[in-house]
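Results of the structural survey
Spelled out from the first residue to the last, the chains are:
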Amino acid sequence: MSDLILHHYPTSPFAEKIRLIFGYKQLAWKSVFIPMIMPKPDLTALTGGYRKTPVLQVGADIYCDTALICDVLEHIGPKSTIYPDAVKGAARIVAQWADSALFTAAMAYNFQPAGVAQVFAGAPAESVQAFVADRGAMRGGAARMSSADAAATYKSYLRRLANMLHGQDFLFGAQPCVADFAAYHPLWFTQERTPALAGILDATPEVKSWMVRMQAIGHGTPDKFSAEQALQVAQTSTPASLQGEVFQDEHGIALGSAVVIAADHFGLEPTEGELVAATRTRYTLKRSDERAGTVHVHFPRVGFTLKKASA
Ligand SMILES: N[C@@H](CCC(=O)N[C@@H](CS)C(=O)NCC(=O)O)C(=O)O
């Protein structure tokens, strides 16, 4: 199998979710750092427009969104499962809640003025303004939750996590599963990036002890890699065969059609290409790029919209 290449940056919470799964599954991977804000020309040469962090590349296959990346890593490293049979429906549902509701409340809390001061300590004012403008545009101009609302919501959510951890080491039992990795990453940001605000965790000691266990999982074996090397890998690889993929049509859009896929909220940058697969769980677009060659870009169905490209 080709190397696992993660396009990410160190302070990205969603990237921390995936880095820890590399650790849990004891995987070796290549680490490509991408910019925190647009433009991201080396990344979008691979994805065709999608700009969120992280993105997983395996040869000429590009996987967008951590929910899909989790599925891909489970397939590659099935031994330490992140979807234990007895709890896999509930674990996925809690993971989705954590990646949306918990993440939104925690990040609104983390980005109150005391947190911003820590995150951007020493950075020039223009970088701060550029970051604020970039994320504001991703939210379509909508305001973040107020820090008071965020604090109240975050505290409630932390208590719910503490309830789940009562009498067990991880959210669904003795081993971590996808829900643990998803719930951990926004809290990790509070603890690591905005320690001035991390006192919010003190009211839930079960959560704090669980965070120590999560952190101990580590990041597997990363190896530095450049964006140029990653583009070269894509250019010289052939996308994995799609033979045997069962087509499930929900949109009246045939395989072979020119389509556009975009996230259904926050960061709507579209990717356009030829629809070459649409399974129960994911879409695959084929596209060609001068620098990346022919690639297959994969998206989960949940959280994304599929439309015919306008002629
Ligand atoms: N649903 C996405 C969310 C990813 C996400 O929102 N990542 C943040 C960083 S942690 C992001 O993309 N921020 C803007 C950016 O990095 O350009 C996933 O699960 O991968």
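Cut-off values and rules
- Residues numbered from 1 in each chain as written.
- Predicted model: local features only at pLDDT ≥ 70, side-chain atom pairs only at ≥ 80, totals over all residues.
- Heavy atoms only, no water.
- Helix = DSSP H or I, 4+ residues; strand = E, 2+ residues; numbered from the N terminus.
- Rg over C-alpha atoms; globule rule 2.2 N^0.38 Å.
- Buried < 20%, exposed > 50% of the residue type's maximum accessible area, 1.4 Å probe, protein only.
- Contact = heavy atoms within 4.5 Å.
- Lys, Arg positive; Asp, Glu negative; His and termini not counted.
- Charge placed at Lys NZ, Arg CZ, Asp CG, Glu CD.
- Near = heavy atom within 4 Å.
- Polar contact = N/O pair within 3.5 Å; in protein donor to acceptor, adjacent residues only side chain to side chain.
- Domains from an automatic or database assignment.
- Buried area = accessible area lost by both parts, 1.4 Å probe.
- Pairing = 2+ DSSP bridges.
- Salt bridge = Lys/Arg side-chain N within 4 Å of Asp/Glu carboxyl O.
- Phe/Tyr/Trp six-rings, centres within 6.5 Å; stacked < 30°, edge-to-face > 60°.
- Lys NZ or Arg CZ within 6 Å of the ring centre and 35° of its normal.
- Disulfide = S-S within 2.5 Å.
- Core = buried A, V, L, I, M, F, W, Y, C linked by side-chain atoms within 4.5 Å.
- Axes fitted to C-alpha atoms, helices over the stretch in contact; angles between N-to-C directions.
- Parallel < 35°, antiparallel > 145°, perpendicular 65-115°, else oblique.
- Nonpolar A, V, L, I, M, F, W, Y, C, P; charged D, E, K, R; others polar.

Thoughts on the overall build of the chain
- Looking only at helices and strands, one finds 10 helices and 10 strands in the chain.
- Here the C-alpha radius of gyration of the chain, 19 Å, is about what a compact globule of 311 residues would show, namely 19 Å.
- Along the first, second and third principal axes, the C-alpha set of the chain runs to 55 × 50 × 40 Å.
- Residues classed as buried in the chain amount to 50% of the 311 residues present.
- Here the analysis covers contacts within the chain between residues at least 6 apart in sequence; of these, 70% occur between residues at least 24 apart.
- A distance of 3 Å separates the average location of the 28 positive side-chain charges in the chain from that of its 28 negative side-chain charges.

What to know about the site of the ligand
- Taken together, 14 residues are adjacent to the ligand, and K40, R51, T53, D65 and T66 come closest.
- Between an oxygen atom of the ligand and a side-chain N or O atom of K40, the distance comes to 2.5 Å.
- In this structure, an oxygen atom belonging to the ligand sits 2.6 Å away from a side-chain N or O atom of T53.
- For the shell around the ligand, the elements supplying multiple residues, two or more each, are α1 (13-24) and α6 (125-138).

Some remarks on the domain arrangement of the chain
- As assigned here, the chain comprises domain 1 (4-79 + 222-308) and domain 2 (85-215).
- Between the C-alpha centres of domain 1 and domain 2 there is a distance of 24 Å.
- Contacts between the two partners involve 23 residues from domain 1, matched on the other side by 23 residues from domain 2.
- Taking both partners together, domain 1 and domain 2 bury about 1,900 Å²; carbon and sulfur atoms supply 70% of that area.

Some thoughts on the pairing of strand β7 (residues 271-278)
- Of all eight residues in β7, six are buried, a share of seventy percent or more.
- Sheet topology note: the strand β6 (residues 258-263)/β7 ladder contains four bridges and is antiparallel. Its bridge partner lying in β7, I261 is registered against T271.
- Where β7 lies against strand β8 (residues 282-289), four bridges are found, and the strand directions are antiparallel. Among the inter-strand pairings, L275 is bridged to a residue of β8, identified as L285.

Focus: the pattern of salt bridges
- Taken as a whole, this structure holds 14 salt bridges when the rule is applied.
- Between D134 and R135 there is a salt bridge; the shortest N-O distance is 2.6 Å. An identical accessibility class is assigned to D134 and R135; each is buried.
- Each of the salt bridges in this network shares a partner with another, and the network as a whole consists of R51, D134, R135 and E269.

As for the packing of aromatic side chains
- Within this structure, the stated rule accounts for 12 aromatic pairs.
- On the basis of an interplanar angle of 50 degrees and a centroid distance of 5.4 Å, the ring pair of F299 and F304 is categorised as tilted. The pair formed by F299 and F304 is uniform in burial state, with each residue classed as buried.
- An aromatic cluster is defined as three or more aromatic residues linked by ring pairs; in this entry it consists of F111, F120, F131 and F189.
- The positively charged end of R213 is found above the aromatic ring belonging to F170, 5.8 Å away from the centroid.

What about the state of the cysteines?
- Summed over all chains, the structure comprises zero disulfides.
- Just so you know, C64 is unpaired, no disulfide at all, and the nearest cysteine sulfur is the one on C70, 14 Å from it.

As for the nonpolar core
- Ranked by internal contacts, the top residues of the largest apolar core, which has 65 residues, are F22, L56, L73, Y154, L187, V207 and W210.
- Looking at this core, the element that brings in the most residues is helix α4 (residues 88-110), giving 11 residues.
- Three or more residues apiece are contributed to this core by two domains, here domain 1 (4-79 + 222-308) and domain 2 (85-215).
- Those residues within four positions of L56 in sequence are excluded, and the remaining contacts are L4, I5, L6, F22, D61, I62, Y63, I69, V72 and L73.

Remarks on the packing of α1 against α4
- Put simply, α1 and α4 touch, their axes get as near as 12 Å, and they point 125 degrees apart. It follows that α1 is oblique to α4 by the angle criterion. Seen from α1, the contacting residues are P13, F14 and K17; seen from α4, they are D99, F103 and M107.
- Residues of the contact of α1 with α4, tallied by class, amount to four nonpolar, no polar and two charged.

Points about the sheet that holds strand β3 (residues 55-58)
- Strands sit in the order β5-β2-β1-β3-β4-β9-β8-β7-β6-β10 across an open sheet of 10 strands; the sheet is mixed. Lying at the two open borders of the sheet, with one neighbouring strand each, are β5 (221-224) and β10 (304-308). When the angles between neighbouring strand axes are averaged without regard to direction, this sheet yields 35 degrees.
- Note: strand β1 (residues 4-8) against strand β2 (residues 28-33), four bridges, orientation parallel.

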